[in-house]
Amino acid sequence: AAINVTTTTTTNDNTKRKKKKKNKFAARNAKCWIYVTGLPTTVTEEEVATFFSRVGILDLDENLKPKIKLYYHNDTKIVKG
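Now for a quick tour of the structure. (Residues numbered from 1 in each chain as written. Predicted model: local features only at pLDDT ≥ 70, side-chain atom pairs only at ≥ 80, totals over all residues. Heavy atoms only, no water.)

**Notes on the overall build of the protein chain**
Move 1: Of regular secondary structure, the protein chain possesses one helix and two strands.
Move 2: Across the protein chain, helices and strands are ordered from the amino to the carboxyl terminus as β-β-α.
Move 3: Counting over 81 residues, the protein chain shows a buried share of 7%.
Move 4: Considering only intrachain contacts with a sequence separation of at least 6, the fraction spanning at least 24 residues in the protein chain is 21%.
Move 5: When the accessible surface of the protein chain is totalled, it reaches about 7900 Å², and 53% of it is carbon and sulfur. (Helix = DSSP H or I, 4+ residues; strand = E, 2+ residues; numbered from the N terminus. Buried < 20%, exposed > 50% of the residue type's maximum accessible area, 1.4 Å probe, protein only. Contact = heavy atoms within 4.5 Å. Areas by Shrake-Rupley, 256 points an atom, 1.4 Å probe, with all protein chains shown as cover.)

**Topic: unusual backbone geometry**
Move 1: Phi at L64 is positive, roughly 60 degrees, even though this residue is not glycine.
Move 2: Its place among the elements puts L64 in the segment after α1 (45-53).
Move 3: Overall, the relative accessible area of 65% leaves L64 in the exposed class.
Move 4: Backbone geometry at K77 places phi at a positive 60 degrees, although glycine is not the residue there.

**Some thoughts on the layout of surface pockets**
Move 1: There is about 980 Å³ of room inside the largest pocket.
Move 2: For the largest pocket, the lining is made up of 24 residues, of which C32, W33, I34, K67 and I68 are closest to its centre.
Move 3: For the lining of the largest pocket, the residue count by class is 16 nonpolar, three polar and five charged. (1 Å grid on protein atoms, 1.4 Å probe; cavity = no way out; pocket = protein on both sides within 12 Å on 5 of 7 lines; lining within 4 Å. Points joined across faces, edges and corners; volume = space filled by probe spheres on them. Nonpolar A, V, L, I, M, F, W, Y, C, P; charged D, E, K, R; others polar.)

**What about the nonpolar core?**
Move 1: Residues V43, V48, A49, I68, L70 and V79 constitute the largest nonpolar core, which totals six residues.
Move 2: For I68, the residues in contact, after removing those within four places along its chain, are E45, V48, A49 and L58. (Core = buried A, V, L, I, M, F, W, Y, C linked by side-chain atoms within 4.5 Å.)

**Section: the environment of K80**
Move 1: Its place among the elements puts K80 in the segment after α1.
Move 2: On the basis of relative accessible area, K80 is assigned to the exposed category, the value being 52%.
Move 3: The spacing of K80 and T41 is 39 residues in sequence and 6.6 Å in space, taken between C-alpha atoms.
Move 4: Residues within four places of K80 in sequence aside, it is in contact with Y71, Y72 and H73.

**So, the pattern of salt bridges**
Move 1: Tallied over the entire structure, the rule returns one salt bridge.
Move 2: When the shortest N-O distance is used, the salt bridge between K67 and D59 registers 3.7 Å.
Move 3: Given the relative accessible area of 55%, K67 is considered exposed. (Salt bridge = Lys/Arg side-chain N within 4 Å of Asp/Glu carboxyl O.)

So this is what it looks like as structure tokens:
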């Protein structure tokens, strides 16, 4: 959630002006990445998506699948965990 901050300043002629500061955080610009360790080697992307969708909204890729990336060993193709 974005937070707006308003400050009041007094000028030399004793008139008050309000300055509105820009939000430092905007949800549309946020990069929310989570790195998880200790996963079982048999976990699938669907299982990870099901688990994390209980806590919040997952970003979707162009194929409308949740953006989840699991890292695999090159030679065995088993999840690194």
